[in-house]
Amino acid sequence: MNTKKIIVALDGMKMKEAIEIAKILKGKVWGFKLNDLLYEDISIIKKLKKYGGVFADVKLHDIPNTVKNSTKRLSSHGVEIITVHASGGIPMMKSAKKNSGKSKIIAVTVLTSSKLKSKKEVLDLVKDAIKAKVDGIVCSGHELSSIIKINGSKRLLKIVPGIRPSWYKAKDDQKRKTAPKQALKLGADYLVIGRPITESKNILKTFELLRRE
Ligand code: C5P
């Protein structure tokens, strides 16, 4: 697989460990996704930019004015991607997009740790994201084939988390999982992979397994 489509989720670790992983994977993946580390020290963004793209997965969900302030501030730190919850509504997504500078705004549809009541939930959120003219969406691989049939969805970047290679056997919170190859086949532009990489004892060996898969 084209490993430049991989975004590595650096969750629940110390800054030192995150930088070590980034050094190992520099040039091999698209870049790195941050959640809790942003709250330890915002300088992590600058530090990681030496090793690849940086994705601030803050999943903003607030009134448009507050979202404007957060996107402006994050964008000024030089992140390539900022996430918002599509369920925050069209005016909120528009406000994020208008104030995002060079950063891309990606709308999260329904979390991959949730079971869906119906696919329509996701498809309606994608339609809102299209109306708000954001740059892309986060969805599970399970909905990709329906999403690509929506008018206007072609130009959206499709980012897929919940990626579980066949050899990763640990049980965790992800419910709507997809194998890497399958997600790419279904039209994912980027795959978010966290624990299958970060919890492995030998990052490089695991990465090699993924590349071959
Ligand atoms: O460790 P794992 O591969 O499950 O990491 C997936 C990452 O993608 C996590 O950082 C999680 O917050 C994020 N994410 C997700 N589902 C979404 C959006 C983001 O799992 N819908």
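Residues numbered from 1 in each chain as written. Predicted model: local features only at pLDDT ≥ 70, side-chain atom pairs only at ≥ 80, totals over all residues. Heavy atoms only, no water.

**With respect to the environment of D128**
Tracing the sequence through the fold places D128 in helix α6 (residues 119-132). A relative accessible area of 21% means that D128 is categorised as partly exposed. Remark: the alpha-carbon pair of D128 and V54, spanning 74 residues in sequence, is separated by 25 Å. Discounting residues that sit within four places of it in the chain, D128 has contacts with I90 and M93. (Helix = DSSP H or I, 4+ residues; strand = E, 2+ residues; numbered from the N terminus. Buried < 20%, exposed > 50% of the residue type's maximum accessible area, 1.4 Å probe, protein only. Contact = heavy atoms within 4.5 Å.)

**Remarks on the layout of surface pockets**
Where empty space is left can be seen by rolling a probe of water-molecule size over the atoms. Each pocket or cavity is described by its volume, and for the largest pocket that value is around 560 Å³. Lining the largest pocket we find 30 residues, and of these D11, K33, P161, Q174 and R195 sit closest to its centre. Of all the elements in the fold, those that place two or more residues in the lining of the largest pocket are β3 (53-60), β8 (190-193) and α9 (195-198). Tallying contributions element by element places β3 first for the lining of the largest pocket, with three residues. Broken down by class, the residue content of the lining of the largest pocket amounts to 11 nonpolar, 10 polar and nine charged. (1 Å grid on protein atoms, 1.4 Å probe; cavity = no way out; pocket = protein on both sides within 12 Å on 5 of 7 lines; lining within 4 Å. Points joined across faces, edges and corners; volume = space filled by probe spheres on them. Nonpolar A, V, L, I, M, F, W, Y, C, P; charged D, E, K, R; others polar.)

**Structural notes on the nonpolar core**
Inside soluble globular proteins, nonpolar side chains tend to come together where they are buried. Ranked by internal contacts, the top residues of the largest apolar core, which has 58 residues, are L10, L25, F32, L34, I44, L48 and M93. When residues in this core are grouped by element, the largest group, seven residues, is from α6. Counting residues in each nonpolar core, the second largest holds 11 residues, with I7, I106, V108 and Y190 among its members. (Core = buried A, V, L, I, M, F, W, Y, C linked by side-chain atoms within 4.5 Å.)

**A closer look at the pairing of strand β2 (residues 31-34)**
Summarising the sheet, strand β1 (residues 6-10) and β2 pair through four bridges and their orientation is parallel. If you follow A9 over to β2, its bridge partner there is K33. (Pairing = 2+ DSSP bridges.)

**Some words on the UniProt feature "domain: Orotidine 5'-phosphate decarboxylase" (unreviewed entry) in the chain**
UniProt's feature table lists "domain: Orotidine 5'-phosphate decarboxylase" (unreviewed entry) at residues 5-210, given in the numbering used throughout. Between the C-alpha atoms that bound residues 5-210 there is a distance of 12 Å. The span itself is 38% helix and 18% strand. (UniProt positions renumbered as here; feature names shortened; annotations may be inferred.)

**As for the packing of helix α4 (residues 64-76) against helix α5 (residues 90-98)**
Remark: α4 packs on α5, axes separated minimally by 8 Å, with the N-to-C direction vectors making an angle of 25°. Our classification of the angle between α4 and α5 gives roughly parallel. Every pair of crossing elements has a handedness; the one defined by α4 and α5 is right-handed. Of the residues in α5, those in contact with P64, V67, K68 and T71 of α4 are P91, M92, S95 and A96. In the contact of α4 with α5, the residues fall into five nonpolar, two polar and one charged. (Axes fitted to C-alpha atoms, helices over the stretch in contact; angles between N-to-C directions. Parallel < 35°, antiparallel > 145°, perpendicular 65-115°, else oblique. Left-handed = near helix turned anticlockwise from the far one by under 90°.)

**Topic: the site of the ligand**
The environment of the ligand is made up of 19 residues, and the closest members are D11, K33, T112, R164 and R195. Taking K33, its side chain carries an N or O atom lying 2.7 Å from an oxygen atom of the ligand. Put simply, the ligand lies in the largest pocket. For the shell around the ligand, the elements supplying multiple residues, two or more each, are β3, β8 and α9. (Near = heavy atom within 4 Å. Polar contact = N/O pair within 3.5 Å; in protein donor to acceptor, adjacent residues only side chain to side chain. Sits in = over half its atoms within 2 Å of the grid points.)

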